[in-house]
There are 2 protein chains.
Amino acid sequence: MQLTNSQEEYLKTIYLLEKNKQKVRVTDIAQKMNITKPSVNKALRILKDLKLINYEVYGNIELTKEGRQNAKEIIKKQDTLEIFLIGILEIEKKQAEEEAKAIKHAMSKESIEKLDNYITKILDLGDLKCGYDVNNEKCRSCIKITARERLKKAKDSEIKI
Amino acid sequence: MQLTNSQEEYLKTIYLLEKNKQKVRVTDIAQKMNITKPSVNKALRILKDLKLINYEVYGNIELTKEGRQNAKEIIKKQDTLEIFLIGILEIEKKQAEEEAKAIKHAMSKESIEKLDNYITKILDLGDLKCGYDVNNEKCRSCIKITARERLKKAKDSEIKI
DNA sequence: TTAAAATGTTAGCGAAGGCTAACAAAAAAT
DNA sequence: ATTTTTTGTTAGCCTTCGCTAACATTTTAA
């Protein structure tokens, strides 16, 4: 079953809330996603039908095994994209997060896997700042400003929610 | 004015049809986008209101200056993404095109610009197949399988529509 | 333990962007 | 110059996913 972008956002949000709280509430989800409670309510009923969450009227909200599986994959996609946008393309953090969030639904698991591998390779390689000529001796020594460092910097400036 | 993904698809399609034909017709657009004529008709009325196309009932369809400007930017986005997905990540052509099409709306002009610059840099650098260690002598000589070559290959297999 | 506050639900609306059915106009063919 | 075919339009429906207004339930506090 192919989920919509909106549904993926719900799963992601519920997953992240579950990690911080014992009970996930409609209000929490609404707040985090910046939408209204009725919108959340409607979505939850659908996710329940899809067997991605357990949920009863006025009852608890929790991901099913399948829902959690989905959520993890979605989060992995977004994280990978953020790392690429921030660490490799040097896009400003907030902008990168926004774009990663919007892009992730469009990318297959396989493509994300390839991107992830590519990032690893590039991070190992370091960021060649000298004019990008591997035949040039200077390249060997310009690996000091790495994408890894940029990522660390972006991470440090993070605000805990 | 921020266009929707759907509206961008229409502009892109009209632009590409204009390049091949003297007159762009509702039927052409519907066929190319794989949707019905009434859907096209409705969209055209909106694009006209947005001053992105000139269009009268039973009349000609043509991009305005602003519409063409938008179309070019949209196509550039998709092309850049395709080059990255095919040439760098080595994603299979059809899959890459599909994903690029879906991703492009989410990416800003600036981010695409950065991606474009990055691709240029990597293409110049060549594709390091030897284990990705610039300190390794082998890296210097393994630039024979470049992303550029992969792109050429993908392009050669293209079917003219 | 009952009143107030917080939380959750239901009903129904609206925009986007597809669709079908039915009809109108234009172009092509006889 | 009619008829047929192709093309274009209109009307109205459906789904997704937001929203507000109104109400129900639960929790908290007096």
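Residues numbered from 1 in each chain as written. Chains lettered and ligands numbered in written order. Predicted model: local features only at pLDDT ≥ 70, side-chain atom pairs only at ≥ 80, totals over all residues. Heavy atoms only, no water.

Overview of the overall build of chain A
Each helix and strand in chain A was counted, giving 7 helices and 2 strands. Listing each helix as α and each strand as β along chain A from the N terminus yields α-α-α-β-β-α-α-α-α. A total of 161 residues make up chain A; the buried ones form 45% of that total. For chain A, long-range pairs separated by at least 24 residues make up 54% of all intrachain contacts whose partners lie at least 6 apart in sequence. By element, 50% of the accessible surface of chain A is carried by carbon and sulfur atoms, the whole surface being about 9600 Å². (Helix = DSSP H or I, 4+ residues; strand = E, 2+ residues; numbered from the N terminus. Buried < 20%, exposed > 50% of the residue type's maximum accessible area, 1.4 Å probe, protein only. Contact = heavy atoms within 4.5 Å. Areas by Shrake-Rupley, 256 points an atom, 1.4 Å probe, with all protein chains shown as cover.)

Things to note about the protein's contact with DNA strand C
DNA strand C sits among 19 residues. The nearest are Thr-27 and Asn-41 of chain A together with Thr-4, Ser-39 and Lys-42 of chain B. The protein-proximal atoms of DNA strand C, defined as those within 4 Å of the protein, are 62% sugar or phosphate. Here a base oxygen of DNA strand C and a side-chain polar atom of Lys-42 of chain B are 2.5 Å apart. At the level of elements, α2 (26–33) and α3 (37–49) of chain A together with α1 (5–20) and α3 (37–49) of chain B are the ones that each hand at least two residues to the surface near DNA strand C. Partitioning the surface near DNA strand C into residue classes produces 9 nonpolar, 6 polar and 4 charged. (Near = heavy atom within 4 Å. Polar contact = N/O pair within 3.5 Å; in protein donor to acceptor, adjacent residues only side chain to side chain. Nonpolar A, V, L, I, M, F, W, Y, C, P; charged D, E, K, R; others polar.)

Structural notes on the protein's contact with DNA strand D
Around DNA strand D, 18 residues are found, and the nearest of them are Thr-4 and Lys-42 of chain A together with Thr-27, Asn-41 and Tyr-55 of chain B. Near-protein atoms of DNA strand D (within 4 Å) split between backbone and bases, with sugar and phosphate holding 61%. The separation between a phosphate oxygen of DNA strand D and a polar side-chain atom of Thr-4 of chain A is 2.6 Å. Measuring from a phosphate oxygen of DNA strand D, one finds a side-chain N or O atom of Tyr-55 of chain B at 2.7 Å. Secondary structure elements with two or more residues in the surface near DNA strand D: α1 (5–20) and α3 of chain A together with α2 (26–33) and α3 of chain B. Taken together, the residues that form the surface near DNA strand D break down as 9 nonpolar, 6 polar and 3 charged.

Considering the domain arrangement of chain A
Residue and element names in this part refer to chain A. What the domain assignment lists for chain A is domain 1 (5–63) and domain 2 (72–160). With 7 residues of domain 1 at the contact, the number on the domain 2 side is 7 residues. Summing both partners gives a buried area of about 750 Å² for domain 1 against domain 2, and 61% of it is carried by carbon and sulfur. Its largest share of buried area at the contact with domain 2, domain 1 owes to Asn-5, Glu-8 and Lys-12, together 62% of the area lost on that side. The tally of links from domain 1 across to domain 2 stands at 1 salt bridge. (Domains from an automatic or database assignment. Buried area = accessible area lost by both parts, 1.4 Å probe. Salt bridge = Lys/Arg side-chain N within 4 Å of Asp/Glu carboxyl O.)

Quick word on helix α4 (residues 65–88) of chain B
For an α-helix, the turn length of 3.6 residues means that residues three or four places apart are oriented alike. An ideal rise of 1.5 Å per residue puts 34 Å on 24 residues; α4 of chain B measures up with 34 Å between its terminal C-alpha atoms. A positive phi of about 60° marks Glu-90 of chain B, the residue just after α4 of chain B. (Expected span 1.5 Å × (residues − 1).)

Brief notes about the side chain of Lys-77 of chain A
Residues and elements named next belong to chain A. Relative to the helices and strands, Lys-77 is located in helix α4 (residues 65–88). One buried charged side chain, Lys-77, makes no salt bridge at all; its nearest oppositely charged neighbour is Glu-73, positioned 4.3 Å away. A distance of 2.7 Å separates a polar atom in the side chain of Lys-77 from the backbone oxygen of Met-107. Not counting residues within four places of it along the chain, the set of residues in contact with Lys-77 comprises Lys-104, Met-107, Ser-108, Lys-109 and Ile-112. (Lys, Arg positive; Asp, Glu negative; His and termini not counted.)

Some thoughts on the confidence of the model for chain A
As a note on interpretation, predicted positions should not be read in detail where pLDDT is low. Chain-level pLDDT for chain A is 83 on average; 76% of the residues reach the 70-or-more range. In the model, residues 126–146 of chain A has pLDDT below 50 throughout and makes 41 contacts with residues more than four positions away in sequence or in other chains. (pLDDT = per-residue confidence, 0-100.)

Some points on the pattern of salt bridges
A full pass over the atoms with the stated rule returns 18 salt bridges over all chains. A salt bridge links Arg-68 of chain B to Glu-18 of chain B; the nearest nitrogen and oxygen atoms lie 3.2 Å apart. Pair noted here: Arg-68 of chain B is in helix α4 and Glu-18 of chain B is in helix α1, with a separation of 50 residues, a long-range link. Between Asp-28 of chain B and Arg-25 of chain B there is a salt bridge, with the nearest N and O atoms lying 3.2 Å from each other. Here Asp-28 of chain B falls in the buried class, since its relative accessible area comes to 7%. It is possible to trace a salt-bridge network through shared partners that takes in Glu-9, Lys-12 and Lys-104 of chain A.

Looking at the packing of α1 of chain B against α2 of chain B
Residues and elements named next belong to chain B. For the pair α1 and α2, the least separation of the axes is 10 Å and the interaxial angle reads 115°. Of the two elements, α1 crosses α2, and the hand of that crossing is right-handed. Touching Glu-9, Tyr-10, Thr-13, Ile-14, Leu-16 and Leu-17 of α1 are Asp-28, Ile-29, Lys-32 and Met-33, all from α2. Residue composition of the contact of α1 with α2, by class: 6 nonpolar, 1 polar and 3 charged. (Axes fitted to C-alpha atoms, helices over the stretch in contact; angles between N-to-C directions. Left-handed = near helix turned anticlockwise from the far one by under 90°.)

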